[in-house]
Amino acid sequence: HDTTAASMNFTCFLIASNPDVQAKVHAELDRVFGNDSARPCSKQDLDELEYLECVIKESLRLLPSVPFIAREVQQDFTYRNYQLLKGTTAVIFLYFIHRDPEQFPNPDQFNPDRFLPENSQNRLPYAYVPFSAGSRNCIGQRFALLEEKIVLSSILRRFRLKTRQTIDDLHLSFEVILRANCGALIELEKR
C-alpha cells in the first residue's frame, strides 16, 4: 500500500498543478456520478473513469512509485556496445525509461492524453513499465489501479485540488519508493 499511497499523492499533486487536467477529471466524474459525491464507486463506474485512468498512468510515468528495479541477467548479451554477463545485477531506472522522447514527446510535460487508446497503440511494450514487466511484474498492479481510481474519484468528487509548489520544489528522493523530501503539499477546496 505504500507504493499506491505514494502514487496517489503524486497524482493529486500533478492534478493540482494542472487545472486543465483537473477540469477534465471533474467533468468525467460529474458525468459518471452526477451530483452524488457520497455514492460508493461501482465496478461500472470504474470502467467509465477512462480519463482518470489516463491521469493515473501519466502520473506513474512521470513519478513512478518504484523509480528503479534490479534484475539478474540470465544470459550474456550486448546492449548498445555494453556487454552484460550472466549473473550480473542490472539496475533499470524506470524514471528515465519513462522519459524517452522517442516514445513520449515532451517527456517532462504532464499529458494524460498520451494514454488514450489512439495515442498508445504504437508505443513499444517496455517503454512504460511502472509495475515492472515479465515474470517479475507486480502481482497487485490491477488492484493498485482500481484502488487509486476509487480513492481519487472520492476525493475529486468533493474537492478541487491546489498547490503552490512546482515539481522542482519536491526535491525527489530516489529510494526503494520515490519520495518528495519536503512533501507534495496540496490544498483542498470544497467543490
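One can find the structure itself at the top, above this paragraph.
Residues numbered from 1 in each chain as written. Predicted model: local features only at pLDDT ≥ 70, side-chain atom pairs only at ≥ 80, totals over all residues. Heavy atoms only, no water.

Q: Could you give an account of the overall build of the protein chain, with specific residues and numbers?
A: In terms of helices and strands, the protein chain carries 7 helices and 8 strands. Its C-alpha atoms give the protein chain principal-axis dimensions of roughly 60 × 35 × 30 Å. Burial analysis of the protein chain (191 residues in total) assigns 41% to the buried set. Residue pairs in contact within the protein chain that sit at least 24 positions apart in sequence constitute 68% of those at least 6 positions apart. For the protein chain, the exposed area adds up to about 11000 Å²; of that, 53% sits on carbon and sulfur atoms. (Helix = DSSP H or I, 4+ residues; strand = E, 2+ residues; numbered from the N terminus. Buried < 20%, exposed > 50% of the residue type's maximum accessible area, 1.4 Å probe, protein only. Contact = heavy atoms within 4.5 Å. Areas by Shrake-Rupley, 256 points an atom, 1.4 Å probe, with all protein chains shown as cover.)

Q: Quick one: what's the story with the environment of N122, residue by residue and with numbers?
A: Along the chain, N122 falls in the loop between α6 (117-120) and α7 (141-158). Once the C-alpha coordinates of N122 and Q103 are considered, the two residues, 19 residues apart in sequence, prove to be 8.9 Å apart.

Q: Tell me what's going on with the layout of surface pockets, and back it up with residues and numbers.
A: Of the voids in this model, the largest pocket is the one considered here, and its volume is about 1100 Å³. The wall of the largest pocket is formed by 30 residues, among which F77, Y79, I92, I97 and Y126 lie closest to the centre. Looking at the lining of the largest pocket, the elements that each hand over two or more residues are β1 (68-72), β2 (77-79), β3 (82-84), β4 (89-93) and α5 (94-97). Looking at the lining of the largest pocket, the element that brings in the most residues is β4, giving 4 residues. Tallied by class, the residues present in the lining of the largest pocket amount to 19 nonpolar, 5 polar and 6 charged. (1 Å grid on protein atoms, 1.4 Å probe; cavity = no way out; pocket = protein on both sides within 12 Å on 5 of 7 lines; lining within 4 Å. Points joined across faces, edges and corners; volume = space filled by probe spheres on them. Nonpolar A, V, L, I, M, F, W, Y, C, P; charged D, E, K, R; others polar.)

Q: Go over the side chain of S59, please, and point to the residues and values.
A: One can find S59 in helix α4 (residues 50-62). Relative accessible area serves as the criterion here: at 1%, S59 is assigned to the buried category.

Q: If you had to explain the nonpolar core to someone new, which residues and values would you point to?
A: If you look at the biggest cluster of nonpolar residues, it comprises 39 residues, and the most contacted ones within it are V25, L49, L52, V55, L63, L152 and L156. When sequence neighbours within four positions are dropped, the list of residues in contact with V25 reads Y51, L52, V55 and L156. (Core = buried A, V, L, I, M, F, W, Y, C linked by side-chain atoms within 4.5 Å.)

Q: Hey, could you go over the pattern of salt bridges for me, with residue numbers and the actual values?
A: Counting across every chain of the model gives 13 salt bridges. The shortest N-O distance in the salt bridge between D30 and R191 comes to 2.9 Å. Of the two residues, D30 is situated in helix α2 (residues 19-33) and R191 in the segment after β8 (187-190); the sequence distance between them amounts to 161 residues. Under the relative-accessibility criterion, D30 is labelled partly exposed at 35%. Two residues, D45 and R39, come together in a salt bridge whose shortest N-O distance is 2.6 Å. Residue classification places D45 among the buried positions, given a relative accessible area of 5%. Beyond isolated ion pairs, a larger network of salt bridges with shared partners links E28, R31 and E48. (Salt bridge = Lys/Arg side-chain N within 4 Å of Asp/Glu carboxyl O.)

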